[in-house]
Amino acid sequence: MKIVTVIGARPQFVKAAVVSRWFEKYSGIVEIIIHTGQHYDVNMSDVFFEEMRIPKPTYNLEVGGTSHGAMTGQQLEKIESILFSEAPDYLLVYGDTNSTLAGALAAAKMNIPVIHIEAGLRSFNKEMPEEINRILTDHMADILLAPTSVAKENLISEGISAEKIFVVGDVMYDAALYYKNICLKPDWFDTYKLKVNEFVLCTIHRADNTDNVESLNSILRGLASTSMYVVLPLHPRTLHRINKFNISIPANVCVVEPVGYLEMVWLEINCKLVVTDSGGVQKEAYFHNKFCITLREETEWVELINSGYNVLVGADTSKISEELECVKEFKSKNDDFYGTGNAGNHIVNLLRNL
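Residue positions within a chain follow its written sequence, with the count starting from 1. Side-chain atom pairs in this predicted model are given and counted only at pLDDT of 80 or more, local residue features only at pLDDT of at least 70, and totals for whole chains, interfaces and linings cover all residues. For side-chain calculations, the full set of non-hydrogen atoms in the structure is used, while hydrogens and water are omitted.

Visitor: Quick rundown of the packing of helix H7 (residues 171-179) against helix H12 (residues 279-287)? Include the residues and the values.
Guide: Here H7 crosses H12 at 55°, and the two axes come no closer than 10 Å. Judged by the angle between their axes, H7 and H12 are oblique. Between H7 and H12 the crossing geometry is right-handed. Together, Met172, Tyr173 and Ala176 of H7 and Gly280, Lys283, Glu284 and Phe287 of H12 make up the contact between the two elements. With axes taken as lines fitted to C-alpha atoms, and helix axes fitted only over the stretch in contact, angles between N-to-C directions fall between 0 and 180 degrees. To qualify as a helix, a DSSP run of H or I must reach at least 4 residues; to qualify as a strand, a run of E must reach at least 2; elements of each kind are numbered from the N terminus. Comment on the angle field: the value is read as roughly parallel under 35 degrees, roughly antiparallel over 145, roughly perpendicular from 65 to 115, and oblique elsewhere. Note on convention: near helix rotated counterclockwise from far helix by under a right angle means a left-handed crossing. Clockwise means right-handed. By definition in these notes, contact holds between two residues if any of their heavy atoms fall within 4.5 Å.

Visitor: Give a detailed account of the pattern of salt bridges, specifying residues and quantitative values.
Guide: The term salt bridge refers to a pairing of a side-chain nitrogen on Lys or Arg with a carboxyl oxygen on Asp or Glu at a separation within 4 Å. Applying the stated criterion to the full structure yields 14 salt bridges. Of the charged contacts, one joins aspartate 138 and arginine 122 as a salt bridge, the two residues approaching to 2.9 Å between their closest N and O atoms. Highlighted residues: aspartate 138 in helix H5 (residues 129-140) and arginine 122 in the loop between strand E5 (114-117) and H5, separated in sequence by 16 residues. As far as burial versus exposure is concerned, aspartate 138 and arginine 122 are alike and both buried. For every residue, the accessible area obtained with a 1.4 Å probe (protein chains only) is divided by the maximum for its type, and the residue is called buried under 20%, exposed over 50%, and partly exposed between those limits.

Visitor: Outline the sheet that holds strand E11 (residues 273-276), listing residues and values.
Guide: Working definition: the strands of a sheet are paired by backbone hydrogen bonds and lie parallel or antiparallel to each other. By this definition, two strands are paired if DSSP reports at least two bridges between them. Spatially, 6 strands are ordered E10-E9-E8-E11-E12-E13 in an open sheet, and the strand pairing comes out parallel. The open sheet has two edge strands with one neighbour each: strand E10 (253-256) and strand E13 (310-312). Neighbour to neighbour, the strand axes of the sheet diverge by 20° on average, direction disregarded. Sheet analysis places E11 next to strand E12 (residues 292-294), joined by 3 bridges and oriented parallel. Looking at E12, one finds that valine 274 is bridged to cysteine 292.

Visitor: Summarise the side chain of glutamate 118; cite the residues concerned and give the values.
Guide: With respect to the secondary-structure elements, glutamate 118 resides in the loop between E5 and H5. Here a polar contact means two N or O atoms within 3.5 Å. Within protein one must be a hydrogen donor candidate and the other an acceptor candidate, and residues neighboring in sequence count only if both atoms are side-chain atoms. A polar side-chain atom of glutamate 118 sits 3.5 Å from the main-chain amide nitrogen of glycine 95. Once residues lying within four places of it in the same chain are set aside, the contact partners of glutamate 118 are Lys15, Tyr94, Gly95, Leu145, Pro147, Asp170, Met172 and Lys283.

Visitor: Describe in detail unusual backbone geometry, supporting the description with residues and values.
Guide: Most peptide bonds are trans, and most residues other than glycine sit at a negative phi. Positive phi values are uncommon outside glycine, yet asparagine 111 reaches one of about 60°. With respect to the helices and strands, asparagine 111 occurs in the loop between helix H4 (98-109) and E5.

Visitor: Just give me the short version of the pairing of strand E4 (residues 90-94), but keep the residues and values in it.
Guide: With respect to burial, E4 is a largely interior element, 5 of its 5 residues being buried. Here 4 bridges tie strand E1 (residues 2-7) to E4, and the two strands are oriented parallel to one another. Residue pairing across strands places valine 6 opposite valine 93, the latter belonging to E4. Bridging between E4 and E5 involves 4 bridges; their strand directions are parallel. Bridge pairing links tyrosine 94 to isoleucine 117 in E5. Since E4 and E5 lie parallel, the crossover through H4 that links them has a hand, and here it is right-handed. When the strands point away from the viewer and the path from the first strand over the helix to the second turns clockwise, the crossover is right-handed.

Given below as structure tokens:
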């Protein structure tokens with residue numbers, strides 16, 4: 001069995017590594033990895049792949065940094081060419097990036113069966129490009145591997161046959177368990193006089209928050225309300241915007257440069273709670289037993305909201321302040337949500353028996 005895997009961003013490499021490690025256990029499976037280059041990351045050097053124990057891509061398309069349409073079109077053309085030469089039995093994609101859509105579309109037009117991992121996630125906000133990508137990919141896919149029962153229900157409600165849907169658990173949980181054993185304490189941590197389990201970890205990256213001066217100011221005012229230190233890894237572009245518009249950074253907020261994945265895992269494990277607008281970090285907070293305050297109006301992970309592990313506050317200063325003031329204790333995890341950390345094994349065994 002030959003499988004071509006298409007990925008385009010660092011989080012997808014982390015997820016794909018979970019499944020790739022299981023592929024390597026079976027001589028009858030050959031995996032070809034295409035990195036579209038959608039998110040150029042200077043940290044994705046040889047050291048990155050070695051430290052993360054991630055297979056290096058077979059192809060690097062270096063397509064990124066353009067508009068959604070141009071990026072998807074260029075990726076589609078290059079992926080199609082590779083599929084002609086490789087002639088795989090299946091094409092596998094993860095999540096909801098432009099790379100995901102381009103890979104699925106290239107394969108579907110060539111009658112190559114599409115496997116979609118993380119199928120069925122919905123924010124029900126079609127203003128998000130990711131929502132469009134995941135919906136279209138799901139409706140092209142032949143095998144839909146849903147992380148949760150909620151995701152399966154979403155697919156069935158859209159008319160997708162239940163025979164094509166398999167609830168396999170979440171590969172991100174596998175990754176969280178794997179990388180917690182090799183995570184790294186940031187070199188700068190002690191210089192800020194931070195204490196384990198006594199700081200807030202915050203990430204802000206969505207354009208709705210970083211490109212909106214009012215939202216960014218409102219979030220920072222909310223962070224200022226807590227007596228705890230807040231660790232805020234911030235992209236230089238966002239920091240430049242803060243400085244340009246004279247937005248005040250609160251005294252309790254420690255702005256640091258973006259951290260690597262292994263450092264991020266360490267911070268998630270050792271913080272008091274998480275404040276984020278990232279979909280992935282919301283789940284990682286849950287995996288590492290941390291309550292999460294989400295800087296969005298909606299989330300794909302509705303089960304975390306409904307069960308009290310997560311709360312939506314948008315960019316509302318008063319809501320952020322209120323949640324930071326009454327820090328909620330984390331209750332034990334629910335195995336019914338994302339499985340037991342064995343999704344990769346489940347997925348590969350399922351594919352071997354197709």
